[in-house]
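Commentary on secondary and tertiary structure
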Amino acid sequence: MHVFDFTLADVDLRARYDALFESCSTAFIQQSSYWAEAIQDLGPDRPILLLCEEDGVDLGGLPLYLFEGRFGNLINSIPQPGPLGGVFLRLGLEPPAQERVYANLIRRALDIAAQTRAIALTIITNPFCDDIELYRRYLEPDLTLENFTQYIPLEHAFIDGEVRMKDAETRKHLRGYLRRARESELICSDESSEQDFDRWYAIHCLRHAEIGAPPLHRQLLDNIRRILAPKGKAQFFLVRQREGIASGALLIHHRDVVDLFAMNMDSRYACYSPNWLNIAASLRWSHRMQKRIFNWQSSPSRVSGVYAFKGRWGSIESSYHFVTKLFVPIAEIRSWGAEAVKEAYRNHYAAPFGIFTEPGRRHFRKQPANRAPEIK
């Protein structure tokens, strides 16, 4: 087996990488060269794409990104918000071949980390493919963080074209929420103008200020519309009430998997349940496009209102891991301080923040917050 590493400027290797990616129904859009193009200026990050081939047949890929930070360089498989996925494979490979592809790609990633004098290399495992043992075997991570996502298997989410909830009570609630939205003259549409997107982004910023979270970078969302949407890899839904915008949802997708990348509601419309109408439309669209998985992505905790809202749609939880190989002593990272590391590597994963509060641990799980869920 041979592994090529290349940048977006290498037209021939990028075309081969793209062809393999497009053939892989289980890959995430975040693993594509299109995503690399969308985020490369934001870090700024330098994409380094890996392609593994044997006897002229491309078998697997792995995206890497080099970020030069205050305390040293980082290599991440996916930086920026919405990170998902490390290695992706040609479909139909037998387990021994799969393992050899992982081994070769991970070894090359370690070589690149050494060449770039990185302080850490982090790869994200696949929440829908149990590949953590391969990373443990060949990366031998010093630190791991177990996260979770929620998702809806779309083949089980519909009855006669109607969105199905997990039980009769929640199906009844859904009908009630959707009836309330329609009686309030709310309409969901996938048609929008640049001005509509501007208005939704203002809602996004306001809503994040209300919950005390930083908004997503406007350039990232613009790049998704400019780069991914024309390739058929992004979809945007708006819920309107006459001239007002009540809710917007931005989806990113590839083959089997749809990610809800961002959804925000104008709080003034909360009593009309616009997010329920938006999700129902997003699920119908995903089902019509023959997607298999509607992935909500992660939540602040398992007892948050966000987690509970997703659960009301009959969602299933799946875990995935951030696996990190360190090239500096963990004590040195702790000496920089949690806030300094957070600021120096904004939108990049350096290490589990538990290393600052529980210095003896090496393996961490995302912990729930101590507050009751709120259903919106």
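Residues numbered from 1 in each chain as written. Predicted model: local features only at pLDDT ≥ 70, side-chain atom pairs only at ≥ 80, totals over all residues. Heavy atoms only, no water.

1. Concerning the overall build of the chain
- Each helix and strand counted, the chain has twelve helices and 16 strands in total.
- Taken over C-alpha atoms, the radius of gyration comes to 21 Å for the chain, in line with the 21 Å a tight globule of 376 residues would show.
- In terms of overall dimensions, the chain has C-alpha extents of about 60 × 45 × 40 Å along its principal axes.
- For the chain, the residues scored as buried account for 56% of the 376 residues in total.
- For the chain, the share of sequence-separated contacts (at least 6 apart) that also reach a separation of at least 24 residues comes to 73%.
- For the chain, the exposed area adds up to about 16,600 Å²; of that, 49% sits on carbon and sulfur atoms. (Helix = DSSP H or I, 4+ residues; strand = E, 2+ residues; numbered from the N terminus. Rg over C-alpha atoms; globule rule 2.2 N^0.38 Å. Buried < 20%, exposed > 50% of the residue type's maximum accessible area, 1.4 Å probe, protein only. Contact = heavy atoms within 4.5 Å. Areas by Shrake-Rupley, 256 points an atom, 1.4 Å probe, with all protein chains shown as cover.)

2. Quick word on the packing of helix α6 (residues 194–211) against helix α7 (residues 218–228)
- Direction vectors running N to C along α6 and α7 enclose 145 degrees, while the axes themselves pass 12 Å from each other. For the element pair α6 and α7, the recorded crossing hand is right-handed. Across the interface between the two elements, E194, F197, D198, W200 and Y201 of α6 pack against R218, L221, D222 and R225 of α7.
- Across the contact of α6 with α7, the residue classes break down as four nonpolar, no polar and five charged. (Axes fitted to C-alpha atoms, helices over the stretch in contact; angles between N-to-C directions. Left-handed = near helix turned anticlockwise from the far one by under 90°. Nonpolar A, V, L, I, M, F, W, Y, C, P; charged D, E, K, R; others polar.)

3. A look at the pattern of salt bridges
- Scanning the model with the defined rule gives 23 salt bridges in all.
- A salt bridge links R218 to D222; the shortest N-O distance between them is 2.7 Å. With R218 and D222 both in helix α7, this residue pair falls four residues apart, about one helical turn.
- Given the relative accessible area of 21%, R218 is considered partly exposed.
- Since its relative accessible area comes to 27%, D222 is described here as partly exposed.
- As a salt-bridge pair, E358 and R361 come within 3.2 Å of each other at their nearest N and O atoms.
- On the basis of relative accessibility, which here comes to 35%, the residue E358 falls in the partly exposed class. (Salt bridge = Lys/Arg side-chain N within 4 Å of Asp/Glu carboxyl O.)

4. Considerations on the nonpolar core
- W35, I224, L228, F261 and Y345 are the most contacted members of the largest nonpolar core, which has 67 residues in total.
- If you look at the next biggest cluster of nonpolar residues, it comprises 29 residues, including A97, A118, L121 and L134. (Core = buried A, V, L, I, M, F, W, Y, C linked by side-chain atoms within 4.5 Å.)

5. Here we look at the packing of aromatic side chains
- Scanning all chains against the criterion turns up 26 aromatic pairs.
- Arranged with centres 6.1 Å apart and planes meeting at 85 degrees, the rings of F21 and Y34 form a pair that is edge-to-face. Taken together, the residues span a long stretch of sequence, with F21 in helix α1 (residues 11–23) and Y34 in helix α2 (residues 33–39) at a distance of 13 residues. The exposure classification of F21 matches that of Y34, with both residues buried.
- With centroids separated by 5.1 Å and ring planes inclined at 65 degrees, the aromatic side chains of F197 and F236 adopt a geometry described as edge-to-face. (Phe/Tyr/Trp six-rings, centres within 6.5 Å; stacked < 30°, edge-to-face > 60°.)

6. Some remarks on the confidence of the model for the chain
- A residue-level look at the chain finds 94% of positions with pLDDT of 70 or above and a mean pLDDT of 91.
- Considering only residues more than four positions removed or in separate chains, one finds that residues 369–376, a stretch of pLDDT under 50, has 16 contacts. (pLDDT = per-residue confidence, 0-100.)

7. Description of helix α3 (residues 95–115)
- Taking 1.5 Å per residue as the helical rise, α3 with its 21 residues ought to reach 30 Å, and the 30 Å between its terminal C-alpha atoms agrees with that figure.
- Listed as buried for α3 are A97, V101, Y102, A103, L105, I106, R108, A109, L110, I112 and A113.
- Within two residues after α3, R117 carries a phi angle of roughly 55 degrees, on the positive side. (Expected span 1.5 Å × (residues − 1).)

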